[in-house]
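Summary of the model geometry
Chain by chain, the residues run as shown.
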Amino acid sequence: MTTVEVAEDFAQDAHLFAELLRAGGPARLVRMPRGLTCYIVTDFTQARALLADSRLQKDNVRAHALFEAKLPDEVAAQGGFGESLGHHMLNMDPPDHSRLRKLVNKAFTGRTVARLRPRIEEITAELLDALGGRERADLLPSFAAPLPITVICELLGVAPEHRTEFADWSKTLLSASEPAAGQAAAQNMFGYLTGLIAQKRAEPAEDLLSDLVHASDDGDSLSEPELVSMAFLLLVAGHETTVNLIANSVLALLREPAQLALLREDPSLLPNAVEEFLRFDGPIHLATLRFTTAPVEAGGVTIPEGEFVLISLLGANRDEARYAEPGKLDVTRAAGGHLAFGHGIHYCVGAPLARLEAEIALGGLLARFPDIELDAKPDELVYRPSSLIHGLESLPVRLR
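Residues numbered from 1 in each chain as written. Predicted model: local features only at pLDDT ≥ 70, side-chain atom pairs only at ≥ 80, totals over all residues. Heavy atoms only, no water.

1. Topic: the pattern of salt bridges
Note the threshold: In what follows, salt bridge is the name for a side-chain nitrogen of Lys or Arg lying within 4 Å of a carboxyl oxygen of Asp or Glu. Secondary structure elements follow DSSP: runs of H or I of four or more residues count as helices, runs of E of two or more count as strands, with numbering from the N terminus. The classification of residues rests on relative accessible area computed with a 1.4 Å probe and restricted to protein chains. Under 20% of the type maximum is buried, over 50% is exposed, and intermediate values are partly exposed.
The final tally for this structure, using the stated rule, is 19 salt bridges. The shortest N-O distance in the salt bridge between Glu393 and Lys171 comes to 3.3 Å. Linking Glu393 in the loop between strand E10 (373-374) and strand E11 (396-398) with Lys171 in helix H10 (residues 163-174), this pair joins segments that are 222 residues apart in sequence. Residue Asp375 pairs with Arg398 through a salt bridge whose shortest N-O separation is 2.8 Å. You can see Asp375 sitting in the loop between E10 and E11 and its partner Arg398 sitting in strand E11, a full 23 residues away along the chain. For Arg398, a relative accessible area of 26% puts it in the partly exposed group. The network of salt bridges with common partners includes Arg136, Glu373, Asp375 and Arg398.

2. Description of the confidence of the model for the protein
Applied cut-off: Every residue gets a pLDDT, meaning the predictor's confidence in that residue, from 0 to 100. Here a residue-residue contact requires only that any non-hydrogen atoms of the pair lie within 4.5 Å.
Model confidence for the protein is summarised by a mean pLDDT of 90, while 95% of its residues fall at 70 or above. Predicted confidence for residues 74-81 stays below pLDDT 50, and this span has twelve contacts to residues more than four positions away or in other chains.

3. Brief notes about helix H5 (residues 96-105)
Our working definition: It is the directions from the helix axis to the C-beta atoms whose arc is reported.
Inspection of H5 places His97, Leu100, Arg101, Leu103 and Val104 among the buried residues, and these make up the whole buried set. Down the axis of H5, the buried side of the element spans an arc of 155 degrees, and every buried residue falls inside it. Buried residues along H5 sit against helix H12 (208-213) and helix H13 (224-254).

4. Let's talk about unusual backbone geometry
The phi torsion of most residues other than glycine is negative, and most of the peptide bonds are trans. The step from Pro94 to Pro95 runs through a cis peptide bond, and the omega angle for that step is 5 degrees. Here Pro95 shows up in the loop between helix H4 (73-76) and H5.

5. Notes on the packing of H5 against H13
Rules: For helices, the fitted axis covers only the stretch in contact; all axes are lines through C-alpha atoms, and the angles between them, taken along N-to-C directions, range from 0 to 180 degrees. An angle counts as roughly parallel when it lies under 35 degrees, as roughly antiparallel when it exceeds 145, as roughly perpendicular when it falls between 65 and 115, and as oblique in every other case. Note on convention: near helix rotated counterclockwise from far helix by under a right angle means a left-handed crossing. Clockwise means right-handed.
At their nearest, the axes of H5 and H13 sit 12 Å apart, and the two run at 60 degrees to each other. It follows that H5 is oblique to H13 by the angle criterion. Where H5 crosses over H13, the handedness of that crossing is right-handed. Residues Arg99, Leu100 and Val104 of H5 touch H13, and the partners they reach there are Glu226, Met230 and Leu234.

6. Some words on the sheet that holds strand E5 (residues 136-138)
Defined as follows: At least two DSSP bridges between two strands are needed for those strands to be called paired.
One open sheet accounts for three strands, arranged E5-E11-E10; its pairing is antiparallel. A single partner strand is all that each edge strand has here, and the edge strands are E5 and E10. The pairing of E5 with E11 spans three bridges and is antiparallel. Residue Asp138 lies in a different strand from E11, and its bridge partner there is Pro396.

7. Focus on the pairing of strand E9 (residues 308-311)
Residues Phe308 and Leu310 line one face of E9 and the alternating positions Val309 and Ile311 line the opposite face, and both faces are buried. As judged from the three bridges shared by strand E3 (residues 37-41) and E9, these two strands associate in the parallel manner. If you follow Ile40 over to E9, its bridge partner there is Leu310. In terms of strand pairing, strand E6 (residues 290-292) meets E9 through two bridges, oriented antiparallel. Paired with Phe291 across the strands is Phe308, a residue of E9.

8. Focus: the packing of aromatic side chains
Short version of the rule: Here a Phe, Tyr or Trp ring, Trp counted by its six-membered ring, pairs with any other such ring whose centre lies within 6.5 Å, and the pair is stacked when the planes are under 30 degrees apart, edge-to-face when over 60, and tilted otherwise. Note on geometry: a ring has a charge over it if NZ (lysine) or CZ (arginine) is within 6 Å of the ring centre and within 35 degrees of the ring normal.
In total, this model carries five aromatic pairs according to the counting rule given. Judged by centre distance (6.2 Å) and plane angle (70 degrees), the ring pair of Phe67 and Phe308 falls under edge-to-face. Within this pair, whereas Phe67 is found in helix H3 (residues 60-70), its partner Phe308 is found in strand E9, the two being separated by 241 residues in sequence. For Phe308, a relative accessible area of 0% translates into the label buried. Taking the ring centre of Phe44 as reference, the NZ or CZ of Arg322 above it sits at 5.1 Å. The ring of Tyr323 carries Arg322 above its face, with NZ or CZ at 4.4 Å from the centroid.

Spelled out as structure tokens, the structure:
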């Protein structure tokens, strides 16, 4: 099979990237910009099946060893920053994954998340009030980012004075930055979370992190590395996904005035519209790395044992074999079953919270600023250089 060389700037048009790959088959062997060879799957049916296939695993220790073996010497020598923060459930397989997920599931049920609605509405109103009277704004730092970071930090018990630096560390870790910058951000985050956990152990509060520190389920609890890594996962995943869901949704509407008008006329469409935004331009590009423990067949392509596999959630959600006119935004579409939050045992535990935040944020924004417009040409917008996160660097708008 011919290896496709992936360009350095592939994240700048992620949908075209996925479309071109899918044109050559459901699974393609590629070489990523930093030298890693892996298979990328863009077909919806194959993506959904592989996300739930137990032959594709995520064990952090085995993945790290395989990663180092596959990378060119000059890249492998740069080292990584994932080990100190990698002992979380997203990097584990059963039974360890099942044990950790059980301890956090109760915090993100639909009923539990619904209780957060008044506070999310309050934060949204405060942010919109701060935008009042302004003619122009960048919606990312002024609205899309502070809403979810405030919510998840309050939920976990992170003090307000630390939220900005935490968001900066998170952005550095999840973007294709220089290795040294990533390592520095990881060290800072590890040190901060270690101290925070010690504080919660000594002085428990009414927050999720205190609950996790003192959790015991059938005599089980989290180890110190698991606690630090779980705090990292919940804080980062708990806001990064929603930041980009909100911003990508606003951009999609500003580029489709007819759909924007439809939502203004009938706000009851918002819950369904959020599902379409997730399908149309979701916040995650390529799902986190999996590796094969046996040969796996994907749409006529046999992926050998010991190979990394990346599932293109953006590509799968725009597969015309699954959705009619997939490149068209339609807030009335029955978009259920999309893969924006993954599928299988690693389905995003924070999905109910992300949906609720997006619904409240978008509803509030459109009600407060009915004449909002994009303040840049679409081709001037820049996306973050990340294979994981599909999000903008900025979103300039005219509010009046």
